Amino acid sequence: MPSIAITGSTGQLGRATVTHLLDRGVPAADLVALARTPAAADDLAARGVTVRAFDYDQPETLAPALDGVDRLLLVSGSEPGRRIPQHTAVIEAARTAGVGLLAYTSILNAETTRMQLAAEHQETERLIADSGLPAVLLRNGWYTENYTRTLDQTLEHGALVGAAASGRVGLAARDDYALAAAVVLAGEGHAGRAYELSGPAITLAELAATISTVAGREIPYRALAPADYEQLLVGAGLPAPVAAIFADVDVQIDAGALEHDGDDLERLIGRPVTPVADTVRAALA
């Protein structure tokens, strides 16, 4: 088994990917958990996983941390606006270290979307192509958790609020995307592929109906004008540039940016995606 490294291994997606690799029988000795703060991965080290410091913002340290790594999962950076220099540093380090396969968590419909949030993913895909590294693109759709992480506020306000009118968004649980990444990293024949990963598409009104059913109370969907929704997000504490990006997400949902008819995700994980109701129920537990 080749050595497999996962960036952002102390984050939610990265940690879940490591766990799935272990559960699929990949020996802990063949796994490298890369983390900005290695101490945060002590639980993985206790399971026999090698833990190495890996900070996107310290480019000179990255190639040595990839010594002996054959397959690398680059989990996209969590800071919009800083991703291109960070991703560039990782890609260059992977090339220097002779990594045999680079997997990157991109965004659904990356080739066609006009979503502001997608721009850095699109540029990263170009950087990967130019690097000459064998690569696989995991174009992740929207996480159900993007809505359930603010479920308390939704219930407090008595409505799910957004700026998408009747557009549909494909939802899957974060764990589904992590399992897909683990399958690709542990498998063969994925180099050169671009997987469009998405769950069944629903409207936000349908999401609100599911929340209502699980919560046992009526939670309607309230669609705002994009500018009004952007101001609501600013009022909730988001910096204005970030609020603009996420208001644009809803505008692009109406344009179909987060909807895909394919079944790449279900085929990779070998089962249906986690039902939205299950993720809502878990958030309320």
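Up top is the structure these notes are about.
Described in the following lines is the structure provided in the data block.

## Description of the side chain of Thr105
Move 1: Looking at where Thr105 falls in the secondary structure, it is placed in strand 5 (residues 101-107).
Move 2: Since its relative accessible area comes to 4%, Thr105 is described here as buried.
Move 3: Among the polar contacts made by the side chain of Thr105, one reaches the main-chain amide nitrogen of Ser76 at a distance of 2.9 Å.
Move 4: Ignoring sequence-local partners within four residues, the contact set of Thr105 consists of Leu13, Leu73, Leu74, Val75, Ser76, His121, Leu138 and Asn140.

## Describing the nonpolar core
Move 1: Judged by nonpolar contacts, the single largest core of 37 residues is most densely connected at Leu21, Leu31, Val49, Leu73, Leu138, Leu197 and Leu265.
Move 2: Sorting the residues of this core by element identifies strand 1 (4-6), helix 1 (12-23), strand 2 (31-35), strand 5, strand 6 (135-140), helix 8 (174-186), strand 10 (194-197) and helix 12 (264-269) as the ones contributing at least two each.
Move 3: Considering each element in turn, this core owes the most residues, nine residues, to helix 8.
Move 4: If we ignore the near neighbours within four places in the chain, the residues touching Leu73 are Ala5, Ile6, Thr7, Thr17, Ala103, Thr105, Leu138, Ala181 and Leu185.

## Let's talk about unusual backbone geometry
Move 1: Its identity as a non-glycine residue notwithstanding, Asn109 has a phi of 60°, on the positive side.
Move 2: Assessed through its relative accessible area of 13%, Asn109 is described here as buried.

## A few points about the sheet that holds strand 1
Move 1: Here seven strands make up an open sheet; going across it, the order is 3-2-1-4-5-6-10 and the pairing parallel. Every other strand in the sheet has two partners, leaving strand 3 (50-53) and strand 10 as the edge strands with one partner each. Across the sheet, the mean angle from the axis of one strand to that of its neighbour is 20°, orientation sign disregarded.
Move 2: As paired strands, strand 2 and strand 3 are joined by four bridges and run parallel to one another. By the bridge assignment, Ala35 is partnered in strand 3 with Ala53.
Move 3: Seen against the sheet, helix 1 touches strand 1, strand 2, strand 4 (71-74), strand 5 and strand 6 and runs at an angle of roughly 155° to strand 1.
Move 4: Together, strand 4 and strand 5 form the strand contacts of helix 4 (residues 83-97), whose direction differs from that of strand 4 by roughly 180°.

## Comments concerning the sheet that holds strand 7 (residues 142-143)
Move 1: With respect to topology, three strands assemble into an open sheet ordered 7-9-11, the strand pairing being mixed. Lying at the two open borders of the sheet, with one neighbouring strand each, are strand 7 and strand 11 (201-203).
Move 2: Bridge analysis of strand 9 (residues 168-172) against strand 11 gives three bridges, and the strand direction is antiparallel. Residue Val169 lies in a different strand from strand 11, and its bridge partner there is Ile202.
Move 3: Against the sheet, helix 9 (residues 204-215) engages strand 9 and strand 11, with an angle of about 85° to strand 11.

Basis of the calculations
Residues numbered from 1 in each chain as written. Predicted model: local features only at pLDDT ≥ 70, side-chain atom pairs only at ≥ 80, totals over all residues. Heavy atoms only, no water. Helix = DSSP H or I, 4+ residues; strand = E, 2+ residues; numbered from the N terminus. Buried < 20%, exposed > 50% of the residue type's maximum accessible area, 1.4 Å probe, protein only. Polar contact = N/O pair within 3.5 Å; in protein donor to acceptor, adjacent residues only side chain to side chain. Contact = heavy atoms within 4.5 Å. Core = buried A, V, L, I, M, F, W, Y, C linked by side-chain atoms within 4.5 Å. Pairing = 2+ DSSP bridges. Axes fitted to C-alpha atoms, helices over the stretch in contact; angles between N-to-C directions.

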